[in-house]
Amino acid sequence: MITHYYSNARARSLVAIDAPKTGSWCHVVEPSKDDLEKVAKDFKLNIDLLKDAIDIYEAPRVEID
């Protein structure tokens, strides 16, 4: 499930919005394969890294090139 939230300097509270925009918060809970593909496409992210992030056996790490 993907929900996008946005707040501005005047309102200060988060408001759910239909589509992502600059400065919004993308909240993803228990993503399906379609959700991961949508997030990867919308934000130009590597799908493999997103899949690793939800793998319970994947250990967090930092890699330096």
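Bear in mind that the values here come from a model prediction, so they are computed numbers and not experimental data.

J.: What exactly am I supposed to notice about the pairing of strand β1 (residues 2–6) here?
T.: On any regular strand, side chains alternate: one points to one face of the sheet, the next to the other face. Judged from the four bridges that link them, β1 and strand β3 (residues 25–28) form a sheet pairing that is antiparallel. Considered in β3, the bridge of Thr 3 is made with His 27. Judged from the three bridges that link them, β1 and strand β2 (residues 15–17) form a sheet pairing that is antiparallel. Looking at β2, one finds that His 4 is bridged to Ile 17.

J.: Would you mind showing me how to read the side chain of His 4 here?
T.: Here His 4 lies in strand β1. Exposure remark for His 4: the relative accessible area of 5% places this residue in the buried category. When near neighbours in sequence (up to four residues on either side) are disregarded, His 4 contacts Val 15, Ala 16, Ile 17, Asp 18, Ala 19, Pro 20, Trp 25, Cys 26 and Phe 43.

Definitions and cut-offs
- Within each chain, residues carry numbers counting from 1 in the order of the written sequence.
- Reporting in this predicted model follows two pLDDT cut-offs: at least 70 for local features of residues, and 80 or more for side-chain atom pairs to be given and counted; totals over whole chains, interfaces and linings ignore these cut-offs and use all residues.
- Side-chain metrics rest on all non-hydrogen atoms present in the structure, leaving aside hydrogens and water.
- When DSSP locates at least two bridges between a pair of strands, those strands are taken to pair.
- The helix and strand labels rest on DSSP assignments: H or I over at least four residues marks a helix, E over at least two residues marks a strand, and numbering proceeds from the N terminus.
- Any residue under 20% of the maximum accessible area for its type is buried, any over 50% is exposed, and the rest in between are partly exposed; the area is computed with a 1.4 Å probe on protein chains only.
- Two residues qualify as a contact provided that any one of their heavy atoms is within 4.5 Å of a heavy atom in the partner residue.

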